[in-house]
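Results of the structural survey
Below are the chains, spelled out letter by letter.
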Amino acid sequence: MTDQAESAASDWRPSCTPDILSCRAQMLRQIREFFWERGMLEVETPLLSRTIGTDPQLAFFSTEFEFHPARQTLYLQTSPEFAMKRLLAASSGSIYQICKAFRNGEAGRFHNPEFTLLEWYRVGFRLPDLMDDCEALIETLFAGHRPLLAAQRLSYCSLFAEYTGLNAAEFSYADYCAYASAEGLSEAATLCGEDHAIWLDFLFSHQVQPHLGSNRLCMVYGYPACQSSLARLNELNPMITDRVELFIDGVELGNGFFELADAEEQNRRFDREIAVRKQQHLAPVNKDERLIAALTAGLPDCSGIAIGIDRLLMVLLEKPSIDDVLSFPITRA
């Protein structure tokens, strides 16, 4: 018997049990009912597209489309966000989608390179309205499975100061290095350099995130402006953004924004990210000109969020690894 045959004979079975398959099916049904009751439209957008996001922190999968005599590079989407915003600009109204998404270089306790994503956008909603939505959805999904304590809404900068003593909005390389050294995080200076956003991600994930959402939904809002991504700057305080992340038991579940609608600003952010990718010798990408055109045509005021369904199910069922709730994780795919 070949090594491949021996491996197949031992790992052909799914990773999860029939009970977990049933829980996943129930969760998907409840999600659809939740949005149906709120008059939202379920949509589908391409998983395979001509462009991909420019975020330097996301690696992607590419493939070649051959249609003789043409040959073109296409990308498996890391999120349906750009296509969904094109629908919003075309007057779709509030929409949601449950789909597969793909991120290269990600596998482990909380990651699988292919995963299931719930993403939705509510026209006319600002960030507090979106947080209301998230709280109601989580309450619906956890009812009858696992009772949670009352949800929390906490400021990023106040949390960062509480657990690190550092100012998240204003970067001091010396202060950040001194703190990391004192906490035994000697690799931080080498990994983060003088990039404020990378320092924040590193310190937040190590020093703050493990404390968030103990048996409750914790919504962290008001991220520093250097982590603006696709969110608007806050109109009262331009040092922070209208961004929220969801956590339960220290596990990040979702990332949402009061969506940036300014085409020129979005174009500048794409250019900055492309420059960073070049500096870091990452795979080159082209900005999504169709998204820029959609924003130019007019994106309605809206808030949106993406939640990882697999992680959410993992937390709901209190499983130690995402593999425990997937039929066939990458090791068995």
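Note: the structure precedes this text.
The structure contained in this document is the topic of the report that follows. Here the structure is a predicted model, which is why all the values come from computation and not from measurement. Numbering of residues begins from 1 in every chain and follows the order in which that chain's sequence is written. With the structure being a predicted model, the display of local features is reserved for residues of pLDDT at least 70 and the display and counting of side-chain atom pairs for 80 or more, all residues being used for whole-chain, interface and lining totals. Here the side-chain values reflect all heavy atoms present in the structure, with hydrogen atoms and water set aside.

This part covers the pattern of salt bridges. Side chains that differ in sign of charge can pair as their charged atoms come close. The rule for a salt bridge is simple: a side-chain nitrogen of Lys or Arg has to be within 4 Å of a carboxyl oxygen of Asp or Glu. Counted under the stated rule, the structure contains 20 salt bridges. Between K287 and D271 there is a salt bridge, with its nearest N and O atoms 2.5 Å apart. With a gap of 16 residues between them, K287 in the loop between α9 (263–279) and α10 (289–298) and D271 in helix α9 connect regions that are remote in the sequence. Only protein chains enter the calculation, and the probe is 1.4 Å; a residue is then buried if its accessible area is under 20% of its type maximum, exposed if over 50%, and partly exposed in between. Note on K287: relative accessible area 17%, which makes it buried. It is possible to trace a salt-bridge network through shared partners that takes in E265, R268, R269 and R272. Going along the chain from the N terminus, every DSSP run of H or I of four or more residues is numbered as a helix, and every run of E of two or more is numbered as a strand.

On to unusual backbone geometry. A cis amide bond links H68 with the next residue in sequence, P69, at an omega value of 10°. Mapping P69 onto the fold places it in the loop between β3 (61–67) and β4 (70–76). Here N215, not a glycine, exhibits a phi torsion of approximately 55°, which is positive. Residue placement: N215 occurs in the loop between α8 (196–208) and β8 (216–221). Unusually for a residue other than glycine, H281 sits at a positive phi of about 60°.

Next up on the list: the sheet that holds β4. Pairing is antiparallel across the open sheet formed by three strands, whose spatial order is β2-β4-β3. Bordering the open sheet on either side are β2 (48–49) and β3, each of which pairs with just one other strand. Strands are labelled as partners when DSSP assigns at least two bridges between them. Strand direction decides the pairing type here: β2 and β4, joined by two bridges, are antiparallel. Across the sheet, residue S49 finds its bridge partner in β4, namely Y75.

Where a strand is regular, its side chains alternate between the two sheet faces. In terms of burial, strand β10 (residues 251–258) is largely enclosed, as six of its eight residues are buried. Here six bridges tie strand β9 (residues 243–248) to β10, and the two strands are oriented antiparallel to one another. Paired with I248 across the two strands is V251, which belongs to β10. The hairpin formed by β9 and β10 contains two residues between the paired strands, and D249 there has a positive phi angle of roughly 55°.

Read across the sheet, eight strands follow the order β1-β5-β6-β11-β10-β9-β8-β7 without closing on themselves; strand pairing throughout is mixed. A strand with exactly one partner marks an edge of an open sheet, and here the two such strands are β1 (41–42) and β7 (149–155). Helix α2 (residues 18–37) contacts β1, β5 (95–102) and β6 (114–123) of the sheet and is inclined by roughly 145° relative to β5. Any two residues whose heavy atoms approach within 4.5 Å at even a single point are treated as in contact. Axis angles are defined between N-to-C directions and span 0 to 180 degrees, where every axis is a line fitted to C-alpha atoms and, for a helix, only to the segment in contact. Here helix α4 (residues 127–142) sits on the sheet and contacts β6, β7, β8, β9, β10 and β11 (302–308); the angle it forms with β8, its principal contact strand, is near 165°.

In this description, the term disulfide denotes a pair of cysteine sulfurs within 2.5 Å. With the rule as written, the count across this model stands at zero disulfides. Not engaged in a disulfide, the cysteine C157 finds its nearest cysteine sulfur in C226; these two sulfurs lie 9.4 Å apart. Here C157 falls in the partly exposed class, since its relative accessible area comes to 21%.

What follows covers the packing of α4 against helix α11 (residues 309–316). When two helices pack together, their arrangement is given by the angle between their axes and by how far apart the axes lie. α11 packs onto α4 with a crossing angle of 55° between their chain directions and a minimal axis gap of 11 Å. Classified by the angle their axes make, α4 and α11 are oblique. Here α4 runs over α11; the crossing is right-handed. Each of I138, L141 and F142 in α4 lies in contact with α11, whose residues at this interface are L312, V315 and L316. Under the convention adopted here, Pro, Cys and the residues Ala, Val, Leu, Ile, Met, Phe, Trp and Tyr are nonpolar, Asp, Glu, Lys and Arg are charged, and Gly plus all remaining residues are polar. Along the lines of polarity and charge, the residues of the contact of α4 with α11 split into six nonpolar, no polar and no charged. Every angle not falling under 35 degrees, over 145, or within 65 to 115 is termed oblique; those three ranges are roughly parallel, roughly antiparallel and roughly perpendicular. What makes a crossing left-handed is the near helix being turned counterclockwise from the far one by less than a right angle; a clockwise turn instead makes it right-handed.

Quick look at the packing of helix α3 (residues 81–89) against α10 now. Relative to each other, α3 and α10 sit at 30°, their axes nearing to 9 Å. The angle between α3 and α10 falls in the class roughly parallel. Crossing of α3 against α10: the hand is left-handed. Between α3 and α10, the contacting residues are F82, K85, R86 and A89 on the first element and R290, L291, A294 and G298 on the second.

Once that is clear, we can look at the nonpolar core. Counting residues in hydrophobic clusters, the biggest one holds 38 residues, and the most contacted among them are I31, L118, W120 and L246. No other element matches the eight residues that α4 contributes to this core. Discounting residues that sit within four places of it in the chain, I31 has contacts with I98, L118, L137, L141 and I309. The criterion is simple. A nonpolar core is a set of buried Ala, Val, Leu, Ile, Met, Phe, Trp, Tyr and Cys residues joined through side-chain atoms within 4.5 Å.

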